[in-house]
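Descriptive structure summary
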Amino acid sequence: MATSSIRVDDEGGIAVVTLQHGKANTLDTEFCQELAVRLEDVQLGGFRGVVLTGTGGIFSAGVDLRRVHDGGAGYIEDFLPALSDAFLSVFGFPGPVVAAVNGHAIAGGAVLAAACDRRVLADGPSRIGITELLVGVPFPLAALEILRSGFGADLLAELAFLGETHLPSDALRLGMVNEVTAPETVLPRAIEVATKLAEIPAAAYAHTKAQLHRPFHERIAEHRSGDDAHVLELWSSPEALTAIKAYVDRVLHRDG
């Protein structure tokens, strides 16, 4: 890949994986594929843990809806599996993974945060939430199961159906994040948490994490094929593409 959208730095055996894809770290096919490859490289590289973070004031704004709109059904057919695989590469990483949520984590960005073992959020105007239904499309099964694991089933229903985004104090109260700290200390604190978790023997940590995640992985394995086909059909429908176009015109063009 000619231009990397992901930087990996070694902080005392902790891999700091920094998303740096455009101004909002939006998720497109190539970016999702690169994330999965980078995390595989990190695992093979012997790092004791991972911190996942973004750049500037945005962790990730979620799916690149402009690419979805412009690419249509053909693009969506390649994109949705890559999206699920990227989420699962974070969720399935055997060692400690801590999200240093440096700014907004919206929709797919919230899924990336939920896929981590712990979440440290920057105080201030940062918002976190899942807005897919407001756009007019459903999440793939892998994303929903990761959100169910990270946020809990009861809260997930409220987040999904209402599509509201939450400021740090509410996100902490609801249990969407584990800590809120000043923006300048988000990354150091996340590295500190990852380092502490990495003191646990790696095999014991990996086994316990696999046990905790097993119900979610099992549901994904059992139902992903059929559900993904239906999600692809829904995303590719004329109604969904019209809704995405309306959302892009109304929200993204307004935001520049």
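Use the structure listed above.
Keep in mind the model is a prediction, meaning the values are calculated, not measured. (Residues numbered from 1 in each chain as written. Predicted model: local features only at pLDDT ≥ 70, side-chain atom pairs only at ≥ 80, totals over all residues. Heavy atoms only, no water.)

**Focus: the overall build of the protein**
Quick reminder of the rule: Here a strand is any run of E in DSSP of at least two residues, a helix any run of H or I of at least four, and the numbering for each starts at the N terminus. C-alpha atoms define the radius of gyration, and 2.2 Å times the number of residues to the power 0.38 defines the globule rule. Think of it in three bands: with a 1.4 Å probe and only protein chains considered, a residue is buried below 20% of the maximum accessible area for its type, exposed above 50%, and partly exposed in between. Note on contacts: a residue pair qualifies if any of its non-hydrogen atoms lie within 4.5 Å across the two residues. The protein chains shown are the only cover counted for residues, whose accessible areas, like all others here, come from Shrake-Rupley with a 1.4 Å probe. Note that His is not counted, nor are the chain ends; the positive residues are Lys and Arg, and the negative ones are Asp and Glu. A single reference atom marks each charge: NZ on Lys, CZ on Arg, CG on Asp, CD on Glu.
Summing up its helical and strand segments, the protein has 10 helices and 10 strands in all. Here the protein has a C-alpha radius of gyration of 17 Å; the compact-globule value for 256 residues is 18 Å, and the two agree. The principal-axis extents of the C-alpha atoms in the protein amount to approximately 50 × 45 × 40 Å. Counting all 256 residues of the protein, 50% fall into the buried class. Put simply, of all contacts in the protein between residues at least 6 apart along the chain, 78% involve residues at least 24 apart. When the accessible surface of the protein is split by element, carbon and sulfur atoms take 55% of a total near 11,400 Å². In the protein, 20 positive and 33 negative side-chain charges are present, and the distance between their average locations comes to 4 Å.

**As for the pattern of salt bridges**
Test applied: By convention in these notes, a salt bridge is any Lys or Arg side-chain nitrogen within 4 Å of a carboxyl oxygen on Asp or Glu.
Across all of its chains, the model carries 13 salt bridges by this definition. Between Asp170 and Arg173 there is a salt bridge, and its shortest N-O distance comes to 3.3 Å. Separated by 3 residues within a single helix, Asp170 and Arg173 lie in helix α7 (residues 168-174), roughly one turn from each other. Judged by relative accessible area, which is 30%, Asp170 ranks as partly exposed.

**Looking at the environment of Gly226**
On the secondary structure map, Gly226 appears in helix α9 (residues 202-236). Residue Gly226 is classed as exposed on the basis of its relative accessible area, which comes to 52%. As for Gly226 and Val51, which are separated by 175 residues in sequence, their C-alpha atoms are 33 Å apart.

**Some points on the nonpolar core**
Let me state the cut-off plainly: Side-chain atoms within 4.5 Å link the members of a nonpolar core, which is a set of buried Ala, Val, Leu, Ile, Met, Phe, Trp, Tyr and Cys residues.
In terms of nonpolar packing, the biggest core is built from 66 residues, with Val17, Leu35, Leu52, Phe79, Val90, Leu112 and Trp235 touching the most fellow members. Per-element accounting of this core gives the leading share, 13 residues, to helix α2 (residues 65-91). Counting 15 residues, the second-largest nonpolar core is a separate cluster that includes Val98, Ala122, Val186 and Ile191.

**Some points on the sheet that holds strand β6 (residues 104-106)**
As a reminder of what qualifies: We treat two strands as partners when DSSP finds at least two bridges between them.
One open sheet holds the 4 strands; their spatial order is β4-β6-β8-β9, and the pairing between them is mixed. Pairing within the sheet leaves two strands with one partner each, and these edge strands are β4 (58-60) and β9 (165-166). Pairing of strand β8 (residues 128-129) with β9, which is carried by 2 bridges, proceeds in the antiparallel orientation. Each residue of the ladder has a partner; that of Ile128, found in β9, is His166.

**Brief notes about helix α8 (residues 186-197)**
Here is the rule we go by: An expected span of 1.5 Å times one less than the residue number is assigned to each helix. This arc describes the spread of directions from the helix axis toward the C-beta atoms.
Given a rise of 1.5 Å per residue, 12 residues ought to cover 16 Å, and the 17 Å separating the end C-alpha atoms of α8 matches this to within 8%. Of all the positions in α8, only Val186, Ala190, Ile191, Val193, Ala194 and Leu197 are classed as buried. Taken down its axis, α8 places every buried residue within 160° of arc, on the same side.

**Focus: the side chain of Ser236**
Spelled out, the test is: Counted as a polar contact is a pair of N or O atoms within 3.5 Å, where, for protein atoms, one must be capable of donating a hydrogen and the other of accepting one, and residues adjacent in sequence contribute only when both atoms are in side chains.
Within the element layout of this structure, Ser236 appears in helix α9. There is a polar contact of 2.8 Å between the side chain of Ser236 and the backbone oxygen of Leu232.

**A short note on the packing of helix α1 (residues 29-44) against α2**
We count it as follows: Geometry is summarised by axes, namely lines fitted to C-alpha atoms with helices restricted to the contacting stretch, and by angles between N-to-C directions that run from 0 to 180 degrees. Throughout this description, any angle smaller than 35 degrees is read as roughly parallel, any larger than 145 degrees as roughly antiparallel, any in the 65 to 115 degree range as roughly perpendicular, and the remainder as oblique. Two helices crossing with the near one rotated counterclockwise from the far one by less than a right angle form a left-handed crossing, whereas a clockwise rotation gives a right-handed crossing.
Running from amino to carboxyl end, α1 crosses α2 at an angle of 15°, the nearest separation of the two axes being 7 Å. Between α1 and α2, the angle falls in the class roughly parallel. The handedness of the crossing between α1 and α2 is left-handed. In this structure, α1 uses Thr29, Glu30, Cys32, Gln33, Leu35, Ala36 and Leu39 to contact α2, whose residues at the interface are Arg67, Tyr75, Asp78, Phe79, Ala82, Leu83, Ala86, Ser89 and Val90.

**Focus: the sheet that holds strand β5 (residues 97-101)**
Within the open sheet, the 6 strands sit side by side as β1-β2-β3-β5-β7-β10. Their pairing is mixed. Of all the strands in the sheet, just β1 (6-11) and β10 (179-181) have a single pairing partner and so form its edges. Neighbour to neighbour, the strand axes of the sheet diverge by 20° on average, direction disregarded. Of the strand pairs in this sheet, β1 and strand β2 (residues 14-19) are connected by 6 bridges, and their pairing is antiparallel. The residue of β2 that forms the bridge with Asp9 is Val16.

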